[in-house]
Amino acid sequence: MNAIVYYSLGGTTGMVAEKLAQSLSVNSYPIEEIGNRKNNAINIAVGGYQATTEKKSAIKPLQFDSAGIEKMILCLPIWANTTPPAVNSFFEQAKLSGQKVILVLVSGSGKNASAQENVAKKVNAHGGYAIDAFWIQSKSIKKAKPEFIQPQLDDIIARMKKLL
Ligand SMILES: Cc1cc2nc3c(=O)[nH]c(=O)nc-3n(C[C@H](O)[C@H](O)[C@H](O)COP(=O)(O)O)c2cc1C
């Protein structure tokens, strides 16, 4: 069984994850941060600093058992070239040992090799194997329009089907 796990603050990565789940017929599970972080300019500074300094944040207990997952599709937004605090907490809580992970990275500016390396290193440092990575460009912190995301997704879905 494969599974999609995602974190989203502004809704774009959530939309990407849900559309992937539907197209690939895979269950999806959110990483839910506890607290009232807002998707605004203040969080760009605060969240960006927290990401840069590898902070973790409180998240709700995970609603799945990673032991039964063959391939995990992990969808996350890039913050300050790396993972948001909630995803850092996910890495601590999930049992990634031996887990094959396919990354779907969402960012304002799109594909970025150093950000991809930063995220893959964290997966691997927690015992997982980042086997591939796909990128979605959102352009803005506001929730992207489906018609902007869908063509990018169509390409990803076609390539991802060959991996699953
Ligand atoms: C704190 C913070 C830091 C960000 N840092 C970057 C960055 O380094 N590079 C980039 O391209 N986009 C960056 N972004 C933009 C997000 O990756 C982009 O808005 C993404 O679509 C957010 O996904 P979401 O709506 O699922 O939360 C940042 C956004 C936030 C809130």
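Structure: see above.
All values derive from a computational prediction rather than experimental measurement.

(A) Here's a closer look at the site of the ligand. Lining the immediate surroundings of the ligand are 23 residues, of which Gly10, Thr13, Gly47, Pro77 and Ser138 lie closest. Of all the elements, helix H2 (residues 41-52) adds the most residues to the shell around the ligand, at four residues. For the shell around the ligand, the class distribution of residues is eight nonpolar, 14 polar and one charged.

(B) Spotlight on the sheet that holds strand S2 (residues 27-30). One open sheet holds the five strands; their spatial order is S2-S1-S3-S4-S5, and the pairing between them is parallel. In the strand order of this sheet, the two ends are held by S2 and strand S5 (129-137), each with one partner. Across this sheet, the average inter-strand angle for adjacent strands is 20 degrees, counted without regard to direction. As judged from the seven bridges shared by strand S3 (residues 71-77) and strand S4 (residues 100-107), these two strands associate in the parallel manner. Residue Leu76 lies in a different strand from S4, and its bridge partner there is Leu105.

(C) A look at helix H4 (residues 113-125). Given a rise of 1.5 Å per residue, 13 residues ought to cover 18 Å, and the 18 Å separating the end C-alpha atoms of H4 matches this to within 8%. Buried residues of H4: Ala115, Val119 and Val123, and no others. Down the axis of H4, the smallest arc covering the buried residues is 75 degrees, so these residues share one side. Those residues of H4 that are exposed and aimed more than 90 degrees away from the buried face are Ala113, Ser114, Lys121 and Ala125.

(D) Region of the structure containing the pairing of S2. Bridge analysis of strand S1 (residues 3-6) against S2 gives four bridges, and the strand direction is parallel. In the strand pairing of S2, Tyr6 is matched with Pro30. Handedness of the S1-helix H1 (residues 12-24)-S2 crossover: right-handed.

(E) View of the nonpolar core. Core analysis: the largest hydrophobic core is formed by 36 residues, its most contacted members being Tyr6, Val16, Ile31, Ile73, Cys75 and Val104. Contributing elements (two or more residues each) for this core: S1, H1, S3, helix H3 (85-93), S4, H4 and S5. Non-local contacts of Val16, meaning those with residues more than four positions away in its chain, are made with Cys75, Val104, Val106, Ile136, Ile149 and Leu153.

(F) Representation of the pairing of S3 in the model. Within S3, seven of the seven residues are buried, which leaves the element mostly enclosed by the surrounding structure. Judged by which residues are buried, S3 turns out to be covered on both faces: Lys71, Ile73, Cys75 and Pro77 on one side and Met72, Leu74 and Leu76 on the other are all buried. Pairing of S1 with S3, which is carried by four bridges, proceeds in the parallel orientation. Bridged to Tyr6 within S3 is Cys75. Remark: the S3/H3/S4 crossover connection has right-handed handedness.

(G) Fine view of the packing of H1 against helix H5 (residues 146-161). Here H1 crosses H5 at 45 degrees, and the two axes come no closer than 10 Å. For the element pair H1 / H5, the angle class is oblique. Judged by the twist between their axes, the crossing of H1 over H5 is right-handed. Between H1 and H5, the contacting residues are Met15, Val16, Lys19, Leu20, Ser23 and Leu24 on the first element and Pro146, Ile149, Leu153, Ile157 and Met160 on the second.

Analysis parameters
- Note that residues are indexed from 1 along each chain, following the sequence as it is written.
- The model is predicted, so local features are restricted to residues of pLDDT at least 70 and side-chain atom pairs to those at 80 or more, both for listing and for counting; the totals for chains, interfaces and linings are taken over all residues.
- Only the C-beta atom matters for nearness: placed from the backbone, it must lie within 6 Å of the molecule or strand for the residue to count as near.
- Secondary structure is summarised from DSSP: a helix means a run of H or I of at least four residues, a strand means a run of E of at least two, and numbering begins at the N terminus for each.
- Each residue receives one of three labels: charged for Asp, Glu, Lys and Arg, nonpolar for Ala, Val, Leu, Ile, Met, Phe, Trp, Tyr, Cys and Pro, and polar for the others, Gly being one of them.
- By this definition, two strands are paired if DSSP reports at least two bridges between them.
- Between N-to-C directions, angles span 0 to 180 degrees; the directions come from axes that are lines fitted to C-alpha atoms, helices contributing only their stretch in contact.
- What a helix should span is 1.5 Å times the count of its residues minus one.
- Exposed residues have 12 or fewer other C-beta atoms within 10 Å of their own C-beta, buried residues have 20 or more, and partly exposed residues fall in between, where C-beta atoms are placed from the backbone.
- Arc, as used here, means the arc of the directions from the helix axis to the C-beta atoms.
- Seen with its strands pointing away from the viewer, a crossover is right-handed when the path leading from the first strand over the helix to the second is clockwise.
- Put simply, a nonpolar core is a cluster of buried Ala, Val, Leu, Ile, Met, Phe, Trp, Tyr and Cys residues tied together by C-beta atoms within 7 Å.
- The contact criterion used here is simple: two residues whose C-beta atoms, placed from the backbone, lie within 7 Å are in contact.
- Reported orientations rely on four angle classes, namely roughly parallel under 35 degrees, roughly antiparallel over 145, roughly perpendicular from 65 to 115, and oblique for the rest.
- Each helix crossing is assigned a hand: it is left-handed if the near helix lies turned anticlockwise from the far helix by less than a right angle, otherwise right-handed if that turn is clockwise.

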